[in-house]
Amino acid sequence: MKTLCLAAALGLALSCAAARAAELKVGDAAPGFSLVGSDGKTHRLSDYKGKQAVVLAWFPKAFTGG
């Protein structure tokens, strides 16, 4: 029962996220959001407005044998 409830909640969350993403069009401003970084601080998109940003993202185990 727990698994079924979790699957239903996850499906609902994903469908809501997909519906919101569908509302954006090319050229639209990015919606405001915040995320907790690996440094434990909360970073908000609005904190970087007007600043130049470089985003680097990788998966450490990608294309490795370990």
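See above for the structure.
Positions within a chain are numbered from 1, following the residues in the order the chain's sequence is written. Where local features are concerned, this predicted model is filtered to residues with pLDDT of at least 70; where side-chain atom pairs are given and counted, the filter is 80 or more; whole-chain, interface and lining totals use all residues. In computing side-chain properties, one takes all heavy atoms of the structure into account and sets aside hydrogens as well as water.

What follows concerns the overall build of the protein. We count a stretch as a helix when DSSP gives it H or I for four or more residues in a row; a strand needs E for two or more, and each element gets its number in order from the N terminus. When helices and strands are tallied, the protein shows one helix and two strands. Walking the protein from its N terminus toward its C terminus, one meets helices and strands in the order α-β-β. When the 66 residues of the protein are sorted by exposure, 0% land in the buried category. Only protein chains enter the accessibility calculation, which uses a 1.4 Å probe; a residue whose area is less than 20% of its type maximum is buried, one above 50% is exposed, and one in between is partly exposed.

Below, the discussion takes up the layout of surface pockets. A volume near 220 Å³ is recorded for the largest pocket. Lining the largest pocket, in full, are Phe33, Leu35, Val36, Gly37, His43, Arg44, Leu45, Tyr48, Ala53, Val54 and Val55. Mapped by element, the contributors of at least two residues to the lining of the largest pocket are strand E1 (34-36) and strand E2 (42-44). Polar here means any residue other than Ala, Val, Leu, Ile, Met, Phe, Trp, Tyr, Cys and Pro, which are nonpolar, and Asp, Glu, Lys and Arg, which are charged; Gly is therefore polar. Residue composition of the lining of the largest pocket, grouped by class: eight nonpolar, two polar and one charged. In the cavity and pocket records, a cavity denotes points on a 1 Å grid over the protein atoms alone where a 1.4 Å probe fits but cannot get out, a pocket denotes an open set with protein on both sides within 12 Å along at least 5 of 7 lines, and lining residues are residues with an atom within 4 Å of a point. Grid points are joined across faces, edges and corners, and a volume is the space filled by probe spheres set on the points.

Interpretation in functional terms is not warranted from these geometric data alone.
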